[in-house]
Amino acid sequence: MAEKVGQSFVQPTPSGKEELGKIEVAAEVIEVVAGIAVNEVEGIAATRGNIATGVVERFGKKVHNKGIKSGVTETGEIAIDVFCSVKYGYAIPKVAKEVQTQIRQAIFNMTALETAEVNVHITGILFEKDEIAVPVQE
């Protein structure tokens, strides 16, 4: 992914509207929108965080941008990297494509910004906890 050049993205003025000033959307806002979109995809087990997000979540606060990184491409467009794990039994390509679609759609719907790329990094597979089989005695 490209370097994180700026801390915000300039939102275009809606067509047919008078420009009253510049609208900037912080990179953290883009990451939160993407994080919420990822967690709505069926088959996603979790997004990867770091030690800090783990500590914050233990205190009861939900971290929506966990496992999401945003940046700017060489052409000045938004690039998103998502680090997540998939539940066992789901087709990884299908889940990854749905993540890309959901993120692009959510960011566009909330900010009117187009994303140049959404890179999905599958960091693991979550297996369901096996039930302990108790032998039947006759």
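Here, residues in each chain are numbered from 1, in the same order as that chain's written sequence. pLDDT decides what is reported in this predicted model: residues at 70 or higher carry local features, side-chain atom pairs at 80 or more are listed and counted, and totals for whole chains, interfaces and linings draw on all residues regardless. The side-chain figures draw on all heavy atoms in the structure; neither hydrogens nor water molecules are used.

Quick rundown of the nonpolar core? Include the residues and the values.
By convention a nonpolar core is built from buried Ala, Val, Leu, Ile, Met, Phe, Trp, Tyr and Cys residues, the set being connected through side-chain atoms within 4.5 Å. Classification of residues uses two cut-offs on accessible area relative to the type maximum, computed with a 1.4 Å probe and protein chains only: under 20% is buried, over 50% is exposed, and between them is partly exposed. Ranked by internal contacts, the top residues of the largest apolar core, which has 26 residues, are Ile 30, Ile 80, Val 82, Val 99, Ile 103 and Ile 107. Put simply, DSSP H or I for four residues or longer makes a helix, DSSP E for two residues or longer makes a strand, and each gets a number counted from the N terminus. Elements supplying a minimum of two residues to this core: α1 (27–39), β4 (68–72), β5 (78–87), α3 (92–111) and β6 (115–126).

With reference to specific residues and values, describe α3.
A helix is expected to span 1.5 Å multiplied by its residue count minus one. In a regular helix each residue adds 1.5 Å, so 20 residues correspond to 28 Å; α3 covers 28 Å between its end C-alpha atoms and thus fits that length. Of the residues making up α3, those classed as buried are Val 95, Ala 96, Val 99, Ile 103, Ala 106, Ile 107 and Thr 111. One face of α3 carries all of its buried residues, which in axial projection span an arc of 100°. With respect to the buried face of α3, the exposed residues turned more than 90 degrees away are Pro 93, Lys 94, Lys 97 and Asn 109. Where α3 is buried, its residues touch β1 (8–11), β2 (23–26), α1, β3 (44–47), β5 and β6. Looking one or two places after α3, you find Ala 112, whose phi comes out positive at around 65°. Note that the arc is computed from the directions linking the helix axis to the C-beta atoms. Contacts are residue-level and defined by heavy atoms, with any inter-residue pair within 4.5 Å sufficient.

Could you give an account of the pairing of β4, naming the residues involved and the relevant values?
Two faces make up the sheet, and in a regular strand the side chains alternate between them. When you tally the buried positions in β4, you get 4 out of 5 residues, the bulk of the element. Bridge count for β4 against β5 is 5 bridges, and the pairing is antiparallel. Across the sheet, residue Lys 69 finds its bridge partner in β5, namely Asp 81. DSSP calls a pair of strands paired once it identifies at least 2 bridges connecting them. Linking two consecutive strands that pair antiparallel, namely β4 and β5, is a turn of 5 residues; a positive phi of about 90° is found at Gly 76 within it.

Can you break down unusual backbone geometry residue by residue, with the values?
A positive phi angle is found at Ala 112, which is not glycine, with a value near 65°. Its location among the elements puts Ala 112 in the loop between α3 and β6. A relative accessible area of 34% means that Ala 112 is categorised as partly exposed.

How would you sum up the environment of Thr 111? Please name residues and give values.
Mapping Thr 111 onto the fold places it in helix α3. Judged by relative accessible area, which is 5%, Thr 111 ranks as buried. Measuring from C-alpha to C-alpha, the distance between Thr 111 and Val 33 comes to 9.5 Å, with 78 residues separating the pair along the chain. Those residues in contact with Thr 111 that lie beyond four places of it in its chain are Gln 11, Val 25 and Ile 30. A polar atom in the side chain of Thr 111 sits 2.6 Å from the backbone oxygen of Ile 107. In the analysis that follows, any N or O atom pair within 3.5 Å is treated as a polar contact, provided that within protein one partner can donate a hydrogen and the other can accept it, and provided that, for residues neighboring in sequence, both atoms belong to side chains.

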